[in-house]
Amino acid sequence: MTTTTLDLTGLKCPLPALRTRKALKTMHSGDLLEVCCTDPLSVIDIPNLVIETGDRVEIRERGERRIVFLIEKLGAVELEAGSD
């Protein structure tokens, strides 16, 4: 298990979510990604991204000027095709 820190302070939407997505693609199951943001919209964007990727996220710090997320890479999500 590896922990990586991604400093995205000063970046505005959509860059924090895009850079977080890119970092998650390079990670292995069980790895942790700590993401530091200053964009208030990241409180919406990062959790929504993590829902899409099937990983786990928690907000570790939420202050007036900084938001820190801890994301755990859970692995690839397999989608089942629905049949009609």
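Here is what the cut-offs are and how they apply
- Sequence order as written defines the numbering, with residues in each chain counted from 1.
- Only residues with pLDDT of at least 70 are given local features in this predicted model, and only at 80 or more are side-chain atom pairs given and counted; all residues enter the totals for whole chains, interfaces and linings.
- As a rule here, side-chain values come from all non-hydrogen atoms in the structure, and water together with hydrogens is ignored.
- Only protein chains enter the accessibility calculation, which uses a 1.4 Å probe. A residue is then buried if its area is under 20% of the maximum for its type, exposed if over 50%, and partly exposed in between.
- Numbered from the N terminus, helices here are DSSP runs of H or I no shorter than four residues, and strands are runs of E no shorter than two.
- This arc is built from the directions going out from the helix axis to the C-beta atoms.
- The criterion for strand pairing is that DSSP finds at least two bridges linking the strands in question.
- An axis is simply a line fitted to the C-alpha atoms; with a helix, the fit covers only the stretch in contact. Between two such axes, the angle follows the N-to-C directions and lies from 0 to 180 degrees.
- In this description, contact between two residues means that some pair of their heavy atoms is separated by no more than 4.5 Å.
- Buried residues of nine kinds, namely Ala, Val, Leu, Ile, Met, Phe, Trp, Tyr and Cys, make up a nonpolar core once their side-chain atoms join them within 4.5 Å.

(A) Seen up close, helix 1 (residues 15–25). Three or more residues of helix 1 are buried, namely Pro16, Ala17, Thr20, Ala23 and Leu24. Buried residues in helix 1, looked at end-on, bunch into an arc of 125 degrees, giving them a common side. Facing away from the buried surface of helix 1 by more than 90 degrees, the exposed residues are Lys22 and Lys25.

(B) Up close: the sheet that holds strand 2 (residues 32–37). Taken in spatial order, the 4 strands line up as 1-2-4-3 in an open sheet, and their pairing is mixed. Of all strands in the sheet, those with a lone pairing partner are strand 1 (3–8) and strand 3 (56–62), marking the two edges. Each adjacent strand pair in this sheet contributes to an overall mean axis angle of 20 degrees, direction not counted. Against the sheet, helix 1 touches strand 1, strand 2 and strand 4 (67–72), its axis set at about 160 degrees to strand 1. The strands that helix 2 (residues 42–53) touches are strand 2, strand 3 and strand 4; relative to strand 4, the one it contacts most, it runs at about 5 degrees.

(C) Region of the structure containing the pairing of strand 3. In the sheet, strand 3 pairs with strand 4 via 6 bridges, with the strands oriented antiparallel. Following the sheet pairing, arginine 56 is matched in strand 4 by glutamate 72.

(D) Representation of the environment of proline 16. Locating proline 16 in the fold gives a position in helix 1. When the C-alpha atoms of proline 16 and isoleucine 46 are compared, they prove to be 7.7 Å apart, with 30 residues separating the residues in sequence. Sequence-distant contacts of proline 16, defined by excluding residues within four places in its chain, comprise Leu8, Leu11, Cys37, Asp39 and Ile46.

(E) Structural view of the nonpolar core. Judged by nonpolar contacts, the single largest core of 16 residues is most densely connected at Leu6, Leu8, Leu24, Leu33, Val35, Phe69 and Ile71. When residues of this core are traced back to their parent elements, those giving at least two are strand 1, helix 1, strand 2, helix 2 and strand 4. The biggest single contributor to this core is helix 2, with 4 residues. For leucine 8, the contacting residues outside a window of four places in its chain are Pro16, Arg19, Thr20, Val35, Cys36, Cys37 and Thr38.

(F) Just the side chain of lysine 73, in detail. Note that lysine 73 resides in the segment after strand 4. Among all residues touching lysine 73, those that are not within four sequence positions of it are Leu24, Met27, His28, Ser29, Gly30, Asp31 and Asp55.

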